[in-house]
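Structural description and commentary
The chain contents come next:
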Amino acid sequence: MTESAAEVLIEVRDVGKVFANGVVGLKQVSMTVRRGEVVCIIGPSGSGKSTLLRTLNALETITSGEIQVLGQSVHGGKANLNRLRTHVGMVFQSFNLFPHKTALENLMLAPRVVGKVATSELRERCQALLAKVGLADKADAHPAQLSGGQQQRVAIARALAMQPDIMLFDEPTSALDPEKVNEVLDVMKVLAREGMTMCVVTHEMGFARAVADRVVFMEAGEIVYEDRPEPFFEAPRSERLKAFLGQVLK
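The following paragraphs examine the structure supplied in this document. All values derive from a computational prediction rather than experimental measurement.

Now for the overall build of the chain. Along its length, the chain carries nine helices and ten strands. Along the first, second and third principal axes, the C-alpha atoms of the chain reach 55 × 45 × 45 Å. Buried residues in the chain amount to 50% of all 250 residues. Of the accessible surface of the chain, which amounts to about 11800 Å², a share of 47% is contributed by carbon and sulfur atoms. Where the 29 positive side-chain charges of the chain centre and where its 29 negative ones centre are 4 Å apart.

In structure tokens:
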């Protein structure tokens, strides 16, 4: 299927966000993400990257514009957010695992409560997901017994347990020790190869270059530039992006 024919799963139209303190988070942002695409969003701190990502499943409200995910308005009065979030998995930088539950219990909780999946079927599915992220032997471990990289891989498996159509990653490696970063990125690379639709806010330029179909550069609440990885990194037509890459790629 060509990119133009692929189904649009996320459509952001002229979205603005002003916080209660008057700070402008997003300015007339527009973006589309098609089925099977991996879009990486980069930019300096405070540029609106995480704010944009969090508006996609209504963790942040918007002030103006419209967002549609899977053909449904996210911020309209009739939005069914519980249903939406079963189709959109999210992985945060701080893991957000339940500390009193084992890795396997963390995975099983949402599908059991929300999806009403039979326990026997669910246990098998979740054990397979732990194996997928390289943690088959950690099913009975609690988060405190796991490294940061292992906790983040459990968090990814937990999001996958709902069998989402879209995965959102908000700087998933920023809280990890440097030696633990690759074990998380490797799991994300597998998801990309398998065709998962992904939006990734990241500081990992090598990952964006290797995996993204499109890279988006944000600054001051706006999308300044976007392109395919090769021209984005090798021949950007934005002076501001050149300056940013000159700093982060040193």
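So, on to the sheet that holds strand β4 (residues 64-69). Read from one edge of the open sheet, four strands run β2-β1-β4-β5, paired in antiparallel fashion. Sheet topology places β2 (24-34) and β5 (72-73) at the edges, where each strand pairs with a single neighbour. Summarising the sheet, β4 and β5 pair through two bridges and their orientation is antiparallel. Note on β5: the bridge partner recorded for Gln68 is Ser73.

One open sheet holds the six strands; their spatial order is β6-β7-β8-β3-β9-β10, and the pairing between them is mixed. Each end of this open sheet is capped by a strand with a single partner; those strands are β6 (88-91) and β10 (222-227). Taking the axes of each pair of neighbouring strands and ignoring which way they run, one obtains an average angle of 20° across the sheet. Two elements, strand β3 (residues 38-42) and strand β8 (residues 197-201), share four bridges in a ladder whose sense is parallel. Bridge assignment links Cys40 to a residue of β8, and that residue is Val200. Most of the contacts of helix α6 (residues 178-193) go to β8, to which it runs at about 145°, and overall it touches β3, β7 (166-170) and β8. Here helix α9 (residues 239-248) sits on the sheet and contacts β3, β9 (214-219) and β10; the angle it forms with β9, its principal contact strand, is near 95°.

Right, let's talk about α9 for a bit. What α9 keeps buried is the set Leu241, Phe244 and Leu245. Considered in projection along α9, the buried side chains sweep an arc of 95° and stay on one side of the axis. Across α9 from its buried face, at more than 90 degrees, point the exposed residues Glu239 and Gln247. The inward-facing, buried residues of α9 contact β3, α7 (205-211), β9, β10 and α8 (229-234).

It is worth spelling out the nonpolar core at this point. Membership of the largest hydrophobic core comes to 53 residues, with the highest contact counts inside it found for Ile156, Met167, Phe169, Met188 and Met198. The contact partners of Phe169, leaving out residues within four places of it in the chain, are Leu53, Val91, Ile156, Met188, Leu191, Met198, Cys199, Val200 and Val201. Counting residues in each nonpolar core, the second largest holds 27 residues, with Val12, Met31, Val33 and Leu84 among its members.

At Phe95, a residue that is not glycine, the phi angle is positive and equals roughly 70°. Take Phe95: it is sitting in the loop between β6 and α3 (103-113). Using a relative accessible area of 12% as the deciding quantity, one classes Phe95 as buried. Its identity as a non-glycine residue notwithstanding, Asn96 has a phi of 60°, on the positive side. Its relative accessible area of 40% is what places Asn96 among the partly exposed residues.

Rules and cut-offs
Starting afresh in each chain, residues are numbered from 1 along the sequence in its written order. Local features in this predicted model are restricted to residues of pLDDT 70 or higher, and side-chain atom pairs are both shown and tallied only at a pLDDT of 80 or more, whereas totals for entire chains, interfaces and linings draw on every residue. Computation of side-chain values: all heavy atoms of the structure, hydrogens and water removed. Labels follow the DSSP assignment, with helices taken as runs of H or I lasting at least four residues and strands as runs of E lasting at least two, numbered in each case from the N terminus. To sort residues, take the accessible area from a 1.4 Å probe on protein chains only and compare it with the maximum for the residue type: under 20% means buried, over 50% means exposed, and anything in between is partly exposed. Using a 1.4 Å probe, the Shrake-Rupley method yields the accessible areas, and only the shown protein chains count as cover for residues. Positive charges are assigned to Lys and Arg, negative charges to Asp and Glu, while His and the chain termini are left out of the count. For this purpose, a charge sits on NZ of Lys, CZ of Arg, CG of Asp or CD of Glu. A pair of strands is considered paired only if DSSP assigns at least 2 bridges between the two. Working convention: axes come from line fits to C-alpha atoms, limited for helices to the stretch in contact. Angles between N-to-C directions cover 0 to 180 degrees. Here, two residues are considered to be in contact whenever any of their heavy atoms come within 4.5 Å of each other. Summarising the geometry, the arc corresponds to the directions from the helix axis toward the C-beta atoms. The criterion is simple. A nonpolar core is a set of buried Ala, Val, Leu, Ile, Met, Phe, Trp, Tyr and Cys residues joined through side-chain atoms within 4.5 Å.

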